[in-house]
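Descriptive analysis of the structure
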Amino acid sequence: MMDLLTKIYSNLIEICNDFIEDWVKIGMPAKTKVQAENGGEPMGVQCTFCEKEAVNVSLGNLLSYPFVRDGLVKKTLALKGGYYDFIEGTFKLWSLQFELSPSLSVKDVSTILHWKL
């Protein structure tokens, strides 16, 4: 019986680790942006910037859901990002800046990118 429980526990730990690892990978674009724009700052400052930018990445990921995009277009939904600074005891809230661009044809894209069709 103990071997079975140990095996179940090990499997649960592996599943949790996989989930956390995948979740942390979602924030990699935030890390890359912060390092590019603020690489000379102290690590603590970079971490704060990265935490805030990870919120922006999450807001951007929400746009992958059609019902979210639809709600934003119809103005029946607004997305807000938030950051709680527990040291200062402050909460910052910001809105997702969302706008539609006109549709582009393949010819328009090729012109923009200087491709020859």
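Up top is the structure.
Residues numbered from 1 in each chain as written. Predicted model: local features only at pLDDT ≥ 70, side-chain atom pairs only at ≥ 80, totals over all residues. Heavy atoms only, no water.

Topic: a nonpolar patch on the surface
In plain terms, the rule: Here, patches come from residues exposed beyond 30% relative accessible area and free of salt bridges, joined within 9 Å for like charges and within 5 Å for nonpolar side chains (Val, Leu, Ile, Met, Phe, Trp, Tyr). Per-residue and other accessible areas follow the Shrake-Rupley method at a 1.4 Å probe size, with only the shown protein chains counted as cover for residues. One side-chain nitrogen of Lys or Arg within 4 Å of one carboxyl oxygen of Asp or Glu is enough to make a salt bridge. Only protein chains enter the accessibility calculation, which uses a 1.4 Å probe. A residue is then buried if its area is under 20% of the maximum for its type, exposed if over 50%, and partly exposed in between.
On the surface, a nonpolar cluster with roughly 670 Å² of combined accessible area is contributed by Tyr84, Phe86, Ile87, Phe91 and Leu93. Since its relative accessible area comes to 70%, Ile87 is described here as exposed.

Looking at the pairing of strand β1 (residues 80-85)
Here is the rule: In this description, strands pair whenever DSSP reports at least two bridges between them. Secondary structure counts use DSSP, requiring at least four H or I residues in a row for a helix and at least two E residues in a row for a strand, with both numbered from the N terminus.
As defined by bridge partners, β1 adjoins strand β2 (residues 90-95) across six bridges and the pair is classed as antiparallel. Directly across from Lys80, in β2, lies its bridge partner Ser95. Connecting β1 to the next strand, β2, in antiparallel fashion are four residues, including Gly89 with a positive phi near 75°.

Topic: the packing of helix α2 (residues 28-38) against helix α3 (residues 43-62)
What counts here: To obtain each axis, a line is fitted to C-alpha atoms, and for helices this fit is confined to the stretch in contact; angles are then taken between N-to-C directions over 0 to 180 degrees. Here roughly perpendicular refers to angles of 65 to 115 degrees, roughly parallel to angles under 35, roughly antiparallel to angles over 145, and oblique to all remaining angles. For any pair of crossing helices, the crossing counts as left-handed if the nearer helix is rotated counterclockwise from the farther one by less than a right angle, and right-handed if it is rotated clockwise. When checking whether two residues touch, look at their non-hydrogen atoms; a contact exists if any pair is within 4.5 Å. Just so you know the grouping, Ala, Val, Leu, Ile, Met, Phe, Trp, Tyr, Cys and Pro go in nonpolar, Asp, Glu, Lys and Arg go in charged, and all remaining residues, Gly too, go in polar.
Across the interface, α2 lies against α3 with an axial gap of 8 Å and an inter-helix angle of 135°. Relative to α3, the element α2 is oriented oblique. In the crossing of α2 with α3, the sense of the turn from one axis to the other is right-handed. Only Gln46, Phe49, Cys50, Glu53, Ala54 and Val57 of α3 make contact with α2, whose side of the interface consists of Pro29, Ala30, Lys31, Lys33, Val34, Gln35 and Asn38. In terms of residue class, the contact of α2 with α3 is built from seven nonpolar, three polar and three charged.

Here we look at the nonpolar core
Rule in force here: What we call a nonpolar core is a set of buried Ala, Val, Leu, Ile, Met, Phe, Trp, Tyr and Cys residues that are connected through their side-chain atoms within 4.5 Å.
Of all hydrophobic cores here, the largest spans five residues; its members are Val55, Leu59, Val68, Leu72 and Leu79. The set of elements that each furnish at least two residues to this core consists of α3 and α4 (66-73).

Some words on the packing of aromatic side chains
Operational definition: By convention, a stacked pair of Phe, Tyr or Trp rings (six-membered ring in the case of Trp) has centres within 6.5 Å and planes under 30 degrees apart, an edge-to-face pair has planes over 60 apart, and any other such pair is tilted.
Following the criterion strictly, the structure yields one aromatic pair and no others. With a centroid separation of 5.6 Å and 45° between ring planes, the pair formed by Tyr65 and Phe67 is classed as tilted. By relative accessible area, which is 42% here, Tyr65 ends up partly exposed. Using a relative accessible area of 61% as the deciding quantity, one classes Phe67 as exposed.

Examining the layout of surface pockets
Operational definition: Every definition here rests on a 1 Å grid over the protein atoms only: cavities are sets of points where a 1.4 Å probe fits but cannot get out, pockets are open sets enclosed by protein on both sides within 12 Å along at least five of seven lines, and lining residues have some atom within 4 Å of a point. Grid points are joined across faces, edges and corners, and a volume is the space filled by probe spheres set on the points.
Of the pockets and cavities examined, the largest pocket occupies roughly 320 Å³. Taken together, 14 residues line the largest pocket, and the ones lying closest to its centre are Trp23, Val24, Ile26, Gly27 and Ala54. Of all elements in the fold, only α1 (2-26), α2 and α3 reach the threshold of two or more residues within the lining of the largest pocket.

Details of the pattern of salt bridges
Pairs can form between side chains of opposite charge once their charged atoms are near each other. In the structure shown here, the tally under the stated rule is two salt bridges. For the salt bridge of Glu53 with Lys33, the shortest nitrogen-to-oxygen distance reads 3.5 Å. Highlighted residues: Glu53 in helix α3 and Lys33 in helix α2, separated in sequence by 20 residues. For Glu53, a relative accessible area of 15% gives the class buried.

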